[in-house]
Every structure is written in structure tokens, then in C-alpha cells.
Amino acid sequence: METEHERWSRIFSGSTFFYGQEPGSVARRAVKYARSLKATGGNALDAGCGEGQDLLYLAQNGYDCLGLDFTSEGIAKSGLLLEHNGQKSRLEVADLTQWNTNEQFDLVLCINSLQFLGADAPQVLNKLKNLVAPGGVFGFSAFAREYRDENPIEGSIYRFHLDELLLNFADWQPFEAARLWQWGKSGSAPQPFATLVASKI
Ligand SMILES: C[S@@+](CC[C@H](N)C(=O)[O-])C[C@H]1O[C@@H](n2cnc3c(N)ncnc32)[C@H](O)[C@@H]1O
């Protein structure tokens with residue numbers, strides 16, 4: 001059976017951009033909130049940046065960016081997208097479960113990536129939280145489970161519950177927290193997602 005790494009490598013090895021080249025809605029809103037706190041400058045991390053459409057948006061908004069993904073295909077496409085649009089970012093092929101840094105970021109995005117980390121997802125969420133500088137913003141989205149007492153782990157997938165996120169970020173200032181039902185690229189039925197944008201007090 002194909003691993004998550006093999007699956008994403010295959011998906012990103014095509015010539016087109018699987019999720020397009022436009023930034024997603026959580027990235028847009030996270031930048032808007034972050035800019036309301038700090039008007040210019042700053043550094044940003046996109047953890048699980050895929051093919052780089054959100055990373056490009058961060059760079060276009062003046063952030064000194066780091067894009068990280070465990071597929072060399074996604075990182076290569078991110079580099080091409082940025083270059084094509086006259087932007088720059090640091091790029092790193094790394095597995096979020098292993099990766100560590102001493103750097104702190106004014107904005108951390110983690111969009112629809114952590115659900116693929118299975119049982120490691122909660123600890124990686126905490127690691128990313130700790131990388132946000134005081135006054136910085138975290139923008140997060142992931143597959144959700146509808147009932148808190150449901151088993152969060154199904155094979156390699158972890159489903160967050162919105163209450164679990166809100167509890168985890170109880171000492172942060174939330175900007176928005178929502179459960180959304182969206183159609184994935186390949187799914188035939190709407191799939192629940194949890195999103196959270198909050199700033200570290
Ligand atoms: C659904 S895609 C989302 C990509 C991008 N954030 C976006 O919104 O288009 C999931 C991403 O998570 C990455 N990913 C999954 N597991 C990872 C891991 N352990 N370490 C780093 N990246 C991972 C995949 O390579 C893929 O880019």
C-alpha cells in the first residue's frame with residue numbers, strides 16, 4: 001500500500017498544480033489578522049506547504065518565508081511558483097515529525113497537512129504552536145471529527161475536534177474557529193474540517 005509520502009510525491013509530480021496557484025481562504029484571513037497586529041515585515045512558516053500557493057501569498061505580503069514539506073516534488077514546484085512570480089522563500093524538504101528549529105515566526109500556517117501524521121499529529125501541533133512568537137498568529141486547518149469521543153485515529157489519518165483545538169489554544173486570542181464541510185479534490189461526499197486562526201498573547 002502507498003505511504004502518505006509516496007502518495008503526495010505522486011500527486012505533486014504532475015505538471016499542473018493540484019490545488020491551483022491561488023492562496024486558500026485560511027491563509028488569506030490569517031495574513032489579514034496578522035497584518036492588523038503588525039503592519040509590515042516579519043517572518044512566516046508554511047508547514048506542509050505542498051506546491052506553494054499559500055507560501056507565494058505570504059511572500060507577496062512581505063514575509064520572509066520558510067516553506068517546508070516532506071516531498072521534494074512539492075518543494076520543487078513551490079520554488080518554481082515563487083520564481084515565476086518574482087518572489088523568494090527559503091524552502092526545506094523535511095518531515096514535520098522530525099523537524100526542529102530554534103527560530104520563532106510572526107505567522108505560522110499549517111493548512112490541511114497535520115491530519116496525515118496519524119498519532120503524531122497532536123504533538124506536532126504543539127511543536128508548531130511553540131514556534132509562534134508572542135503576538136504572532138497561527139492559521140490552522142485539518143480534517144475534523146464530528147464527535148469528541150470518536151476515535152481520532154483511523155489508519156494514517158488524525159481527525160481533530162474543534163473543542164480539542166479551542167481547549168489547546170485557550171490562552172491565545174482567537175480570531176476565528178470553525179467547523180466546515182468541504183468537498184475534497186477526490187471525495188464524493190463533503191468532509192468535515194476544523195479551522196482556527198489565533199494569536200499568541
Ligand atoms: C492536503 S496537502 C496540503 C498542502 C498545502 N498546505 C495546501 O494547502 O495546498 C497535505 C500536505 O502535507 C504534506 N505532508 C504530509 N505529511 C507530512 C509530514 N510528515 N511532513 C511534512 N509534510 C507533510 C504533504 O506533502 C502535502 O503537501
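See above for the structure.
Residues numbered from 1 in each chain as written. Predicted model: local features only at pLDDT ≥ 70, side-chain atom pairs only at ≥ 80, totals over all residues. Heavy atoms only, no water.

## Brief notes about the pattern of salt bridges
Okay, step 1: This structure, assessed with the given rule, holds eight salt bridges.
Okay, step 2: The residue Glu-176 makes a salt bridge to Arg-29 at a minimum N-O spacing of 2.6 Å. Note that Glu-176 is positioned in strand E8 (residues 172-182) and Arg-29 in helix H2 (residues 25-37), a separation of 147 residues in sequence.
Okay, step 3: Given a relative accessible area of 16%, Glu-176 falls into the buried group.
Okay, step 4: Residue Arg-29 is classed as partly exposed on the basis of its relative accessible area, which comes to 28%. (Salt bridge = Lys/Arg side-chain N within 4 Å of Asp/Glu carboxyl O. Helix = DSSP H or I, 4+ residues; strand = E, 2+ residues; numbered from the N terminus. Buried < 20%, exposed > 50% of the residue type's maximum accessible area, 1.4 Å probe, protein only.)

## As for the pairing of strand E4 (residues 105-111)
Okay, step 1: Counting buried positions along E4 yields seven of seven residues, so the element is predominantly enclosed.
Okay, step 2: Bridge count for strand E1 (residues 43-47) against E4 is three bridges, and the pairing is parallel. Within the sheet, the bridge partner assigned to Leu-45 lies in E4 and is Val-108.
Okay, step 3: Both E4 and strand E5 (residues 132-143) contribute to a ladder of six bridges, which runs parallel. Across the sheet, Leu-107 pairs through a bridge with Val-137, a residue of E5.
Okay, step 4: Read as a crossover between parallel neighbours, the route from E4 over helix H5 (residues 121-130) to E5 is right-handed. (Pairing = 2+ DSSP bridges. Right-handed = clockwise from strand over helix to strand, strands pointing away.)

What is shown is where atoms sit, not what they do.
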